[in-house]
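Descriptive structure summary
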Amino acid sequence: MRCVASCIHLPQTLIETLANGVAYLHEGLTDLEKKLVEQLFNNKAIQVVVVSRQLCWALSLAAHLVVVMDTQYYDGRHHAYEDYPIPEVLQMIGRANRPVVDEEGRFLSQQTRTLQLLSDL
């Protein structure tokens, strides 16, 4: 893993997390870095990927367990916290789906107003 990391000049933080079986994906990574993390996860070389809210739409990753740390974001235009739209939360929940590998997927989140609305559906 270190040879690959040094050959494509990964950020030092990503190298350190990869060495521990963990990675992250956010908008500041290059396309090559994002692709490498996806391939390592899909090939089971790493077990955990932390993904930003904006990238969850663009990924083709599926997991046994999806953890959403919160269902609100800060909207700088209104200077207030806003709930994630329900379709975004459903997209995140849908990532806990590996029908060929698992019989079930799991989703965990902190209880916020959005999840309470989902439970009322």
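Rules and cut-offs
Residues numbered from 1 in each chain as written. Predicted model: local features only at pLDDT ≥ 70, side-chain atom pairs only at ≥ 80, totals over all residues. Heavy atoms only, no water. Helix = DSSP H or I, 4+ residues; strand = E, 2+ residues; numbered from the N terminus. Buried < 20%, exposed > 50% of the residue type's maximum accessible area, 1.4 Å probe, protein only. Contact = heavy atoms within 4.5 Å. Areas by Shrake-Rupley, 256 points an atom, 1.4 Å probe, with all protein chains shown as cover. Phe/Tyr/Trp six-rings, centres within 6.5 Å; stacked < 30°, edge-to-face > 60°. Lys NZ or Arg CZ within 6 Å of the ring centre and 35° of its normal. Pairing = 2+ DSSP bridges. Right-handed = clockwise from strand over helix to strand, strands pointing away. Salt bridge = Lys/Arg side-chain N within 4 Å of Asp/Glu carboxyl O. Polar contact = N/O pair within 3.5 Å; in protein donor to acceptor, adjacent residues only side chain to side chain.

Quick look at the overall build of the protein chain
A count of helical and extended segments in the protein chain gives five helices and six strands. Scanning the protein chain from its N terminus toward the C terminus, one meets helices and strands in the order α-α-β-α-β-β-β-β-α-β-α. Put simply, the protein chain has 121 residues, and 32% of those count as buried. Sequence-distant contacts, at least 24 apart, represent 58% of the contacts inside the protein chain between residues at least 6 apart. With an accessible surface of roughly 8100 Å², the protein chain has 55% of that area assigned to carbon and sulfur atoms.

Things to note about the packing of aromatic side chains
Here the structure, examined in full by the defined rule, presents two aromatic pairs. Consider the rings of Tyr 74 and Tyr 81, whose centres lie 5.2 Å apart with planes at 65 degrees: the pair is edge-to-face. A cation over a ring is seen here: Arg 53 above Tyr 73, with NZ or CZ 4.2 Å from the ring centre.

Comments concerning the pairing of strand β1 (residues 22-25)
Sheet analysis places β1 next to strand β2 (residues 48-51), joined by four bridges and oriented parallel. When the bridges of β2 are listed, Ala 23 appears paired with Val 49. In this fold, the crossover linking β1 to β2 by way of helix α3 (residues 31-42) has right-handed handedness.

Some remarks on the pattern of salt bridges
Inspection of the entire model under this criterion finds three salt bridges. Residue Asp 75 is joined to Arg 77 by a salt bridge in which the shortest nitrogen-to-oxygen separation is 3.5 Å. The exposure class of Arg 77 is exposed, given its relative accessible area of 71%. The partner of Glu 104 in a salt bridge is Arg 106, and the shortest N-O contact between them spans 2.7 Å. What makes Glu 104 partly exposed here is its relative accessible area of 45%.

Structural notes on the environment of Glu 33
Along the chain, Glu 33 turns up in helix α3. The class for Glu 33 is buried, based on a relative accessible area of 8%. Taking the C-alpha atoms as reference, Glu 33 lies 9.3 Å from Leu 14; in sequence the two are 19 residues apart. Engagement of the side chain of Glu 33 in a polar contact is seen with the backbone nitrogen of Thr 30, the distance being 2.8 Å.

Looking at the environment of Lys 44
In this fold, Lys 44 is placed in the loop between α3 and β2. Along the sequence, Lys 44 and Gly 21 sit 23 residues apart, while their C-alpha atoms lie 9.2 Å from each other.

A few points about the pairing of strand β5 (residues 80-83)
Bridge count between strand β4 (residues 72-75) and β5: four bridges; the pairing is antiparallel. From the neighbouring strand, Tyr 73 faces β5, where its bridge partner is Glu 82. Remark: four residues form the turn of the hairpin made by β4 and β5, two consecutive strands paired antiparallel; His 79 in that turn has positive phi of roughly 50 degrees.

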